[in-house]
Amino acid sequence: MKHAGSWPIREGSSGLVRKTSEAATSAGSWKWTRTAATQRNLLDAAADVFVEHGFTDASISDVVARAGSSVGSLYHHFGGKTELFLALWDDYQNEHERLVAAAVAKARKAGETDPLALFNVGSRSYFEYTWKHRDLERVFIEGDTPPGFEVLRRERGREWVRQNSVLLGTSEDTLGRLTVAVITDIITVAGHEVALSATKKAADDVVNAAAVLVARLVP
(Lines give C-alpha, C1' and ligand atoms only; values in the text may rest on other atoms or scores of the structure.)
Protein backbone atom coordinates (compact mmCIF):
# COMPACT_ATOMS: atom_id res chain seq x y z
CA MET A 1 0.00 0.00 0.00
CA LYS A 2 1.29 3.47 -0.87
CA HIS A 3 1.80 6.06 1.80
CA ALA A 4 -0.95 8.67 1.60
CA GLY A 5 1.62 11.34 0.78
CA SER A 6 2.66 9.50 -2.38
CA TRP A 7 -0.79 9.54 -3.92
CA PRO A 8 -1.18 11.97 -6.85
CA ILE A 9 -3.14 15.06 -5.85
CA ARG A 10 -4.94 16.94 -8.55
CA GLU A 11 -5.01 20.70 -8.60
CA GLY A 12 -7.67 22.04 -6.31
CA SER A 13 -8.00 18.78 -4.33
CA SER A 14 -5.71 19.65 -1.39
CA GLY A 15 -8.60 20.91 0.71
CA LEU A 16 -10.52 17.67 0.19
CA VAL A 17 -7.49 15.59 1.14
CA ARG A 18 -6.95 17.62 4.27
CA LYS A 19 -10.60 17.37 5.29
CA THR A 20 -10.67 13.65 4.62
CA SER A 21 -7.54 13.16 6.72
CA GLU A 22 -8.95 15.25 9.53
CA ALA A 23 -12.21 13.32 9.42
CA ALA A 24 -10.38 9.98 9.58
CA THR A 25 -8.26 11.14 12.50
CA SER A 26 -11.29 12.48 14.31
CA ALA A 27 -13.23 9.26 13.72
CA GLY A 28 -10.35 7.15 15.05
CA SER A 29 -9.99 9.33 18.12
CA TRP A 30 -13.73 9.20 18.75
CA LYS A 31 -13.74 5.42 18.46
CA TRP A 32 -10.82 5.14 20.91
CA THR A 33 -12.47 7.55 23.33
CA ARG A 34 -15.75 5.65 23.15
CA THR A 35 -13.97 2.33 23.76
CA ALA A 36 -12.06 3.73 26.73
CA ALA A 37 -15.26 5.19 28.19
CA THR A 38 -17.07 1.87 27.79
CA GLN A 39 -14.27 -0.02 29.50
CA ARG A 40 -14.14 2.55 32.31
CA ASN A 41 -17.90 2.29 32.89
CA LEU A 42 -17.71 -1.50 33.01
CA LEU A 43 -14.77 -1.45 35.44
CA ASP A 44 -16.51 1.04 37.74
CA ALA A 45 -19.70 -1.01 37.66
CA ALA A 46 -17.73 -4.20 38.33
CA ALA A 47 -16.09 -2.57 41.36
CA ASP A 48 -19.50 -1.79 42.85
CA VAL A 49 -20.89 -5.26 42.14
CA PHE A 50 -17.82 -7.13 43.45
CA VAL A 51 -17.84 -5.00 46.60
CA GLU A 52 -21.50 -5.83 47.18
CA HIS A 53 -21.48 -9.53 46.28
CA GLY A 54 -17.89 -10.78 46.11
CA PHE A 55 -16.49 -12.51 43.05
CA THR A 56 -18.39 -15.81 43.28
CA ASP A 57 -21.86 -14.36 43.74
CA ALA A 58 -21.41 -11.41 41.38
CA SER A 59 -23.22 -11.75 38.06
CA ILE A 60 -22.41 -10.39 34.63
CA SER A 61 -26.01 -9.22 34.29
CA ASP A 62 -25.65 -7.05 37.41
CA VAL A 63 -22.47 -5.48 36.07
CA VAL A 64 -23.83 -4.62 32.63
CA ALA A 65 -27.10 -3.32 34.09
CA ARG A 66 -25.19 -0.97 36.38
CA ALA A 67 -22.89 0.11 33.55
CA GLY A 68 -25.79 0.69 31.16
CA SER A 69 -24.06 -1.68 28.75
CA SER A 70 -24.65 -5.15 27.33
CA VAL A 71 -23.39 -8.66 27.96
CA GLY A 72 -21.94 -8.71 24.46
CA SER A 73 -20.00 -5.52 25.11
CA LEU A 74 -18.57 -6.89 28.35
CA TYR A 75 -17.41 -10.09 26.69
CA HIS A 76 -15.99 -8.10 23.79
CA HIS A 77 -13.91 -5.87 26.05
CA PHE A 78 -12.94 -8.29 28.82
CA GLY A 79 -13.84 -11.86 27.87
CA GLY A 80 -15.81 -12.83 30.98
CA LYS A 81 -16.22 -12.39 34.73
CA THR A 82 -12.77 -13.73 35.64
CA GLU A 83 -11.02 -11.51 33.12
CA LEU A 84 -13.08 -8.54 34.29
CA PHE A 85 -12.03 -9.15 37.90
CA LEU A 86 -8.35 -9.41 36.93
CA ALA A 87 -8.61 -6.28 34.79
CA LEU A 88 -10.17 -4.42 37.72
CA TRP A 89 -7.34 -5.50 40.01
CA ASP A 90 -4.75 -4.51 37.42
CA ASP A 91 -6.41 -1.12 37.01
CA TYR A 92 -6.44 -0.65 40.78
CA GLN A 93 -2.77 -1.56 41.10
CA ASN A 94 -1.76 0.65 38.18
CA GLU A 95 -3.45 3.64 39.79
CA HIS A 96 -1.65 2.86 43.04
CA GLU A 97 1.67 2.83 41.22
CA ARG A 98 0.90 6.01 39.30
CA LEU A 99 0.04 7.95 42.46
CA VAL A 100 3.08 6.64 44.35
CA ALA A 101 5.42 7.53 41.48
CA ALA A 102 3.89 11.01 41.23
CA ALA A 103 4.27 11.59 44.98
CA VAL A 104 7.91 10.50 44.97
CA ALA A 105 8.66 12.62 41.89
CA LYS A 106 7.06 15.66 43.55
CA ALA A 107 9.17 15.16 46.68
CA ARG A 108 12.33 14.83 44.60
CA LYS A 109 11.48 18.01 42.71
CA ALA A 110 11.08 19.77 46.05
CA GLY A 111 14.64 18.76 46.94
CA GLU A 112 14.19 15.57 48.97
CA THR A 113 17.05 13.11 48.39
CA ASP A 114 16.95 10.80 51.40
CA PRO A 115 15.85 7.31 50.21
CA LEU A 116 13.91 6.51 53.38
CA ALA A 117 12.08 9.85 53.28
CA LEU A 118 11.16 9.25 49.63
CA PHE A 119 10.01 5.72 50.46
CA ASN A 120 7.79 7.06 53.25
CA VAL A 121 6.28 9.64 50.89
CA GLY A 122 5.44 6.88 48.42
CA SER A 123 4.10 4.61 51.15
CA ARG A 124 1.79 7.27 52.53
CA SER A 125 0.42 7.89 49.05
CA TYR A 126 -0.18 4.14 48.77
CA PHE A 127 -1.98 4.03 52.12
CA GLU A 128 -4.11 7.08 51.31
CA TYR A 129 -5.40 5.47 48.12
CA THR A 130 -5.97 2.18 49.95
CA TRP A 131 -8.03 3.90 52.63
CA LYS A 132 -10.05 5.81 50.04
CA HIS A 133 -10.85 2.57 48.23
CA ARG A 134 -10.85 0.26 51.25
CA ASP A 135 -14.04 -1.54 50.21
CA LEU A 136 -12.42 -2.61 46.95
CA GLU A 137 -9.17 -3.51 48.70
CA ARG A 138 -11.14 -5.88 50.92
CA VAL A 139 -12.47 -7.66 47.85
CA PHE A 140 -8.92 -8.42 46.78
CA ILE A 141 -7.66 -9.60 50.17
CA GLU A 142 -10.54 -11.65 51.56
CA GLY A 143 -10.03 -14.74 49.43
CA ASP A 144 -13.07 -14.81 47.15
CA THR A 145 -11.04 -14.45 43.96
CA PRO A 146 -10.83 -16.28 40.61
CA PRO A 147 -8.25 -18.90 39.62
CA GLY A 148 -4.95 -17.37 38.63
CA PHE A 149 -5.33 -14.31 40.82
CA GLU A 150 -2.72 -15.33 43.38
CA VAL A 151 -0.16 -15.96 40.62
CA LEU A 152 -0.64 -12.44 39.31
CA ARG A 153 -0.48 -11.05 42.84
CA ARG A 154 2.85 -12.76 43.45
CA GLU A 155 4.25 -11.52 40.15
CA ARG A 156 3.22 -7.97 41.01
CA GLY A 157 4.74 -8.40 44.46
CA ARG A 158 8.11 -9.38 43.01
CA GLU A 159 8.07 -6.32 40.78
CA TRP A 160 7.23 -4.16 43.79
CA VAL A 161 10.21 -5.58 45.68
CA ARG A 162 12.45 -4.71 42.73
CA GLN A 163 11.15 -1.13 42.61
CA ASN A 164 11.57 -0.70 46.36
CA SER A 165 15.13 -1.98 46.14
CA VAL A 166 15.94 0.70 43.57
CA LEU A 167 14.23 3.45 45.57
CA LEU A 168 15.93 2.52 48.86
CA GLY A 169 19.30 1.84 47.22
CA THR A 170 19.80 -1.36 49.21
CA SER A 171 22.63 -3.78 48.52
CA GLU A 172 22.10 -6.69 46.15
CA ASP A 173 23.46 -9.33 48.50
CA THR A 174 21.25 -11.80 50.35
CA LEU A 175 20.74 -9.54 53.36
CA GLY A 176 19.80 -6.60 51.16
CA ARG A 177 17.30 -8.62 49.13
CA LEU A 178 15.69 -10.09 52.25
CA THR A 179 15.51 -6.67 53.88
CA VAL A 180 13.61 -5.18 50.94
CA ALA A 181 11.33 -8.22 50.76
CA VAL A 182 10.46 -7.84 54.45
CA ILE A 183 9.90 -4.09 54.07
CA THR A 184 7.62 -4.71 51.12
CA ASP A 185 5.68 -7.29 53.13
CA ILE A 186 5.30 -4.76 55.95
CA ILE A 187 3.71 -2.25 53.58
CA THR A 188 1.50 -4.94 52.05
CA VAL A 189 0.21 -6.19 55.40
CA ALA A 190 -0.17 -2.63 56.67
CA GLY A 191 -2.23 -1.83 53.57
CA HIS A 192 -4.53 -4.72 54.40
CA GLU A 193 -4.87 -3.46 57.96
CA VAL A 194 -5.64 0.03 56.71
CA ALA A 195 -8.44 -1.35 54.55
CA LEU A 196 -9.84 -3.30 57.51
CA SER A 197 -9.60 -0.38 59.95
CA ALA A 198 -12.88 0.85 61.37
CA THR A 199 -11.80 4.50 61.56
CA LYS A 200 -9.34 6.86 59.89
CA LYS A 201 -7.52 7.23 63.20
CA ALA A 202 -7.03 3.48 63.42
CA ALA A 203 -5.76 3.47 59.84
CA ASP A 204 -3.34 6.32 60.62
CA ASP A 205 -2.02 4.37 63.61
CA VAL A 206 -1.24 1.47 61.28
CA VAL A 207 0.53 3.79 58.82
CA ASN A 208 2.66 5.31 61.58
CA ALA A 209 3.56 1.90 63.01
CA ALA A 210 4.59 0.69 59.57
CA ALA A 211 6.88 3.71 59.17
CA VAL A 212 8.54 2.89 62.50
CA LEU A 213 9.16 -0.72 61.49
CA VAL A 214 10.54 0.24 58.08
CA ALA A 215 12.92 2.77 59.67
CA ARG A 216 14.32 0.03 61.91
CA LEU A 217 15.14 -2.14 58.90
CA VAL A 218 16.59 0.38 56.46
CA PRO A 219 20.41 0.41 56.79
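Up top you'll find the structure we're talking about.
Thresholds, definitions, all that
- Starting from 1, residues in each chain are numbered consecutively following that chain's sequence as written.
- Reporting of local features is limited, given that this is a predicted model, to residues whose pLDDT is at least 70; pairs of side-chain atoms are given and counted only at 80 or more, and all residues count toward the totals for whole chains, interfaces and linings.
- The side-chain values count all of the structure's non-hydrogen atoms but skip hydrogen atoms and water molecules.
- To qualify as a helix, a DSSP run of H or I must reach at least 4 residues; to qualify as a strand, a run of E must reach at least 2; elements of each kind are numbered from the N terminus.
- Only protein chains enter the calculation, and the probe is 1.4 Å; a residue is then buried if its accessible area is under 20% of its type maximum, exposed if over 50%, and partly exposed in between.
- Whenever a nitrogen or oxygen atom comes within 3.5 Å of another N or O atom, the pair is scored as a polar contact, on the condition that within protein one atom can donate a hydrogen and the other can accept it, and that pairs from neighbouring residues in sequence are kept only if both atoms are in side chains.
- Should any heavy atoms of two residues lie within 4.5 Å, those residues are considered in contact.
- In this analysis, the expected span of each helix is defined as 1.5 Å times one less than the number of residues it contains.
- When the centres of two rings from Phe, Tyr and Trp lie within 6.5 Å, Trp using its six-membered ring, the rings pair. Their planes under 30 degrees apart give stacked, over 60 give edge-to-face, and anything left gives tilted.
- Placement of a positive charge over a ring is assigned whenever Lys NZ or Arg CZ falls within 6 Å of the ring centre and within 35 degrees of the normal to the ring plane.

Mapped onto the secondary structure, Thr130 falls in helix 5 (residues 115-132). The buried category is assigned to Thr130, whose relative accessible area is 0%. Engagement of the side chain of Thr130 in a polar contact is seen with the side chain of His96, the distance being 3.0 Å. Excluding residues within four positions of it along the chain, Thr130 makes contact with Tyr92, His96, Glu137, Gly191, Val194 and Ala195.

Moving on to helix 5. With 18 residues, helix 5 should cover 26 Å at 1.5 Å per step; its first-to-last C-alpha distance of 26 Å lies within 8% of that length. Residues Leu116, Leu118, Phe119, Gly122, Ser123, Ser125, Tyr126, Phe127, Tyr129, Thr130 and Trp131 constitute the buried set of helix 5. Looking at the buried positions of helix 5, the neighbouring elements they touch are helix 4 (81-109), helix 6 (134-141), helix 7 (149-168), helix 8 (174-196) and helix 9 (200-217).

This structure, assessed with the given rule, holds 11 aromatic pairs. Ring geometry for Phe85 against Phe140: centres 5.5 Å apart, planes inclined by 80 degrees, an arrangement best described as edge-to-face. Here Phe85 is found in helix 4, whereas its partner Phe140 is found in helix 6, with 55 residues between them in sequence. With respect to burial, Phe85 and Phe140 carry one shared label: buried. The aromatic ring of Phe55 is capped on one face by Lys81, whose charged end is 4.6 Å from the ring centroid. Over the ring of Trp131 we find Arg134, and its NZ or CZ is 3.8 Å from the ring centre.

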